[in-house]
Amino acid sequence: GGFDPETWYPAALLCLGLAVVMAYVGVAPPDGVAATATAVLTGYVVLTFLSVLWADVDDVAWQGANLTLLYAIVFSCTSLGRLTALQTAALVTAFGGGIALVGVWTVARGAFGDADPADAILYAGRLSEPTGYPNATAAVFAIGLWAMLGVALQADLPRGLRAAALGLAGVLAG
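Here goes a summary of the coordinates provided. (Residues numbered from 1 in each chain as written. Predicted model: local features only at pLDDT ≥ 70, side-chain atom pairs only at ≥ 80, totals over all residues. Heavy atoms only, no water.)

1. A few points about the overall build of the protein chain
Here's step 1: For the protein chain, the count of helices and strands is 7 helices and 2 strands.
Here's step 2: Listing each helix as α and each strand as β along the protein chain from the N terminus yields α-α-α-α-α-β-β-α-α.
Here's step 3: Within the protein chain, the proportion of its 174 residues that are buried is 25%.
Here's step 4: In the protein chain, 58% of the contacts between residues at least 6 apart in sequence involve partners at least 24 apart.
Here's step 5: As presented, the protein chain carries roughly 11200 Å² of accessible surface, and 70% of it is formed by carbon and sulfur atoms.
Here's step 6: A distance of 23 Å separates the average location of the 5 positive side-chain charges in the protein chain from that of its 11 negative side-chain charges. (Helix = DSSP H or I, 4+ residues; strand = E, 2+ residues; numbered from the N terminus. Buried < 20%, exposed > 50% of the residue type's maximum accessible area, 1.4 Å probe, protein only. Contact = heavy atoms within 4.5 Å. Areas by Shrake-Rupley, 256 points an atom, 1.4 Å probe, with all protein chains shown as cover. Lys, Arg positive; Asp, Glu negative; His and termini not counted. Charge placed at Lys NZ, Arg CZ, Asp CG, Glu CD.)

Here it is as C-alpha cells:
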C-alpha cells in the first residue's frame, strides 16, 4: 500500500538535506555502475515529473513524482563516496540501533503510557506499532536484526562493535 505524503515528506526533506550536505562537503561522486544507475534513475525521475502533464489526476502524479525523487535521492546518497569496512559497519550498527531504540520506545510507551497497552500498540494480539500494521512492524525489526547479525559475524571488526551489534540483534529479535 501507499502512504500519505504527510508520512514521508519529512523523511524526504531530511534526505534532501543530507544530499545537500554531502554535496557541500565534496563527497566523491559515484563512478562506474553506480554512476550509470544514478543517471538512469535521474532520467526516470524527470519522466515521472513530465507525466504530470498528461495525468488525469495531477495531485496523484505529483505525489508519485515526489516519491520517485525521494528514492533517487536515497540511492544517490548511498552510492556516493567510498566507505571503509569499519565505517560501513558503524553506520549499519547505528541504523540497527535506531530501529532497536524505536522498538524499545514503542513498547515502553505502550507499557507506561496513559492508554491501555492493548489499544496503544497491539492489533489482534500482535505488535502493530510503530508502523500501524503487524506484518510491517515485524519486517522493520527483521531488517534491523539481519543487519546486526551481519555486523556481529564479521571477524575482522573490533570486538566492541561486534558485541554491540549482537546485543542489538537480541533486542530486535525480542
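2. Here's the deal with helix H1 (residues 5–24)
Here's step 1: Counted at 1.5 Å a residue, the expected span for H1 with its 20 residues is 28 Å, and the 27 Å between its end C-alpha atoms agrees.
Here's step 2: Every buried residue of H1 is listed here: Pro 5, Trp 8, Ala 12 and Met 22. Seen end-on, H1 carries its buried residues on one side only, within an arc spanning 110°. Away from its buried face by more than 90 degrees, H1 exposes Glu 6, Pro 10, Leu 13, Leu 14, Val 20 and Tyr 24.
Here's step 3: In this fold, the buried residues of H1 make contact with helix H3 (58–79). (Expected span 1.5 Å × (residues − 1). Arc of directions from axis to C-beta.)

3. Quick look at the packing of helix H2 (residues 33–50) against H3
Here's step 1: H3 packs onto H2 with a crossing angle of 165° between their chain directions and a minimal axis gap of 9 Å. Considering their axes alone, H2 and H3 lie roughly antiparallel with respect to each other. Classified by chirality, the crossing of H3 by H2 is left-handed. Residues Ala 34, Ala 37, Thr 38, Leu 41, Tyr 44, Val 45, Thr 48 and Phe 49 of H2 touch H3, and the partners they reach there are Trp 62, Ala 65, Asn 66, Thr 68, Leu 69, Tyr 71, Ala 72, Phe 75, Ser 76 and Ser 79.
Here's step 2: Looking at the contact of H2 with H3, its residues break down into 12 nonpolar, 6 polar and no charged. (Axes fitted to C-alpha atoms, helices over the stretch in contact; angles between N-to-C directions. Parallel < 35°, antiparallel > 145°, perpendicular 65-115°, else oblique. Left-handed = near helix turned anticlockwise from the far one by under 90°. Nonpolar A, V, L, I, M, F, W, Y, C, P; charged D, E, K, R; others polar.)

4. Description of the packing of aromatic side chains
Here's step 1: Considering all chains together, one arrives at 2 aromatic pairs under this definition.
Here's step 2: Between Trp 8 and Tyr 9, the ring centres sit 4.5 Å apart and the planes meet at 75°, which makes this aromatic pair edge-to-face.
Here's step 3: For Tyr 9, a relative accessible area of 33% gives the class partly exposed.
Here's step 4: With a centroid separation of 5.5 Å and 65° between ring planes, the pair formed by Phe 49 and Trp 62 is classed as edge-to-face. Within this pair, whereas Phe 49 is found in helix H2, its partner Trp 62 is found in helix H3, the two being separated by 13 residues in sequence.
Here's step 5: The partly exposed category is assigned to Phe 49, whose relative accessible area is 25%.
Here's step 6: Given the relative accessible area of 43%, Trp 62 is considered partly exposed. (Phe/Tyr/Trp six-rings, centres within 6.5 Å; stacked < 30°, edge-to-face > 60°.)

5. Regarding the packing of helix H4 (residues 85–112) against helix H7 (residues 159–173)
Here's step 1: Running from N to C, H4 and H7 point in directions that differ by 30°, and their axes come no closer than 9 Å. For the element pair H4 / H7, the angle class is roughly parallel. Classified by chirality, the crossing of H7 by H4 is left-handed. Every residue of H7 that contacts H4 at Leu 86, Ala 89, Ala 90, Thr 93, Gly 96, Gly 97, Ile 99, Ala 100 and Val 104 is listed here: Leu 161, Ala 165, Leu 168, Val 171 and Leu 172.
Here's step 2: Classifying every residue of the contact of H4 with H7 gives 11 nonpolar, 3 polar and no charged.

6. Considerations on H2
Here's step 1: Over its 18 residues, H2 runs 26 Å from end to end, which matches the ideal 26 Å to within 8%, given 1.5 Å per residue.
Here's step 2: Where H2 is concerned, the buried positions are Thr 38, Val 45 and Thr 48. Viewed end-on, H2 has its buried residues packed into an arc of 80°, placing them on one side of the element. Counted as exposed and oriented over 90 degrees from the buried face of H2: Val 33 and Val 40.
Here's step 3: For H2, the secondary structure elements touched by its buried residues are H3.

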